[in-house]
Amino acid sequence: MARKSSWEWSRTAQTRQSMLQAAREVFAEHGFAESNVADVVARAGSSVGSLYHHFGGKTELFLALYEDHQAAHEDASASSVAKAKQAGVDDPVELLIAGARAYLAGAWERRDLVRLFMEGDGPPGFALIRRTRGREWIRQNAVLLGASGDPIDRFMVTVLTSIVGEAAREVVTSDTEKAAQEVIDAAMVLIRRLDPLKPPE
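Here is what the cut-offs are and how they apply
Residues numbered from 1 in each chain as written. Predicted model: local features only at pLDDT ≥ 70, side-chain atom pairs only at ≥ 80, totals over all residues. Heavy atoms only, no water. Phe/Tyr/Trp six-rings, centres within 6.5 Å; stacked < 30°, edge-to-face > 60°. Buried < 20%, exposed > 50% of the residue type's maximum accessible area, 1.4 Å probe, protein only. Helix = DSSP H or I, 4+ residues; strand = E, 2+ residues; numbered from the N terminus. Lys NZ or Arg CZ within 6 Å of the ring centre and 35° of its normal. Core = buried A, V, L, I, M, F, W, Y, C linked by side-chain atoms within 4.5 Å. Contact = heavy atoms within 4.5 Å. Axes fitted to C-alpha atoms, helices over the stretch in contact; angles between N-to-C directions. Parallel < 35°, antiparallel > 145°, perpendicular 65-115°, else oblique. Left-handed = near helix turned anticlockwise from the far one by under 90°. Nonpolar A, V, L, I, M, F, W, Y, C, P; charged D, E, K, R; others polar. Lys, Arg positive; Asp, Glu negative; His and termini not counted. Salt bridge = Lys/Arg side-chain N within 4 Å of Asp/Glu carboxyl O. Expected span 1.5 Å × (residues − 1). Arc of directions from axis to C-beta.

Draft legend 1. Spatial organisation of the packing of aromatic side chains. For the coordinates displayed, the defined rule picks out nine aromatic pairs. Taken together, a centroid distance of 5.7 Å and an interplanar angle of 45° make the contact between F27 and F32 tilted. A residue is classified by how much of its surface remains accessible, and F32, at 8% relative accessible area, is buried. Seen from their ring centres, Y66 and F117 are 5.1 Å apart, and the 85° between their planes marks the pair as edge-to-face. Here the residue Y66 occupies a position in helix α4 (residues 58-86), and F117 occupies one in helix α6 (residues 111-118), the gap between them amounting to 51 residues. As far as burial versus exposure is concerned, Y66 and F117 are alike and both buried. Here the aromatic residues F27, F32, F62, Y66, F117 and F126 are joined through ring pairs into a cluster of three or more. Sitting above the plane of the F32 ring, K58 keeps its charged end 4.4 Å from the centroid.

Listed below in structure tokens is the structure:
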């Protein structure tokens, strides 16, 4: 089997990206259930055969959008935490806040996708995928915060993670970027107040 040239790889990547962008627009406008493959390929200027070749169908296209969105969240948060560490920040809650700010900024930038994924209008099994991802997010935050397996620690990590998740819901329904930023700032204040590592007064 002949290997693809760099030009062919680039063309494949461009085709895939144009389909994802078209799917993003169509799904955001009509929801998953009411969207169809014909609308996506028409907007992408492609063909049904090409879509099935790259993704396998509407469900796989939706899940690819979700995975790309989650990867963008995780990359931005990890990069923000790494920058904070390089700047000398070592307080786990402040590192969580650095990651949360990047996460919420991404929620505003991709608010069409966040609304799509929050509304529950997805393919069969998507709710389970979201719950699994949510548990993984809590686990990652537990590692960042250095939380033990103690039930109270687990509960506090869940609460702090939930604040970020609920803030995202508010951010994506904000009318302006300024309003979204006010929600983000308020969430960070709340996280600092609930700092589980702060000694009791």
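Next, the rest of the story.
Draft legend 2. Molecular detail of the environment of A102. Here A102 lies in helix α5 (residues 92-109). Considered as a pair, A102 and E74 are 28 residues apart in the sequence and their alpha carbons are 9.1 Å apart.

Draft legend 3. Region of interest: the nonpolar core. Counting 23 residues, the largest nonpolar core has L104, M188 and I191 as its most contacted members. What I191 contacts, discounting residues up to four positions off in sequence, is V93, L96, I97, L160, I163 and V164. Judged by nonpolar contacts, the second largest core, of 22 residues, contains L20, A22, L61 and F126.

Draft legend 4. Focus on the packing of α5 against helix α8 (residues 151-172). Close contact between α5 and α8 brings their axes to 9 Å; oriented N to C, the two are set at 25°. Relative to α8, the element α5 is oriented roughly parallel. The two elements α5 and α8 cross, and the hand of that crossing is right-handed. On α8, the residues touching L96, A100, Y103, L104, A107 and W108 of α5 are L160, V164, A167, A168, V171 and V172. For the contact of α5 with α8, the residue count by class is twelve nonpolar, no polar and no charged.

Draft legend 5. Spotlight on the side chain of R110. For R110, the location among the structural elements is in the loop between α5 and α6. Buried R110, no salt bridge; nearest opposite-charge side chain is E109, N-O distance 4.4 Å. Contact partners of R110, with chain neighbours within four places excluded, come to R24, H69, A72 and H73.

Draft legend 6. Looking closely at helix α7 (residues 126-145). Spanning 20 residues, α7 covers 29 Å between terminal C-alpha atoms, matching the ideal 28 Å at 1.5 Å per step. For α7, every residue scored as buried is listed here: F126, R133, N141 and L145. Seen from one end, α7 has its buried residues packed into an arc of 110°, which puts them on one side. Exposed side of α7, more than 90 degrees from the buried face: R135 and V143 are the residues found there.

Draft legend 7. Local environment of the pattern of salt bridges. Applying the stated rule across the entire model yields eleven salt bridges. One salt bridge in this structure joins R43 and E25, with 3.4 Å as the shortest N-O distance. Of this pair, R43 sits in helix α2 (residues 37-44) while E25 sits in helix α1 (residues 6-34); the two residues are 18 residues apart in sequence, bridging distant segments of the chain. A relative accessible area of 40% places R43 in the partly exposed class. Residue classification places E25 among the partly exposed positions, given a relative accessible area of 30%. Among the ionic contacts, a cluster of salt bridges with common partners joins E25, E29 and R43.

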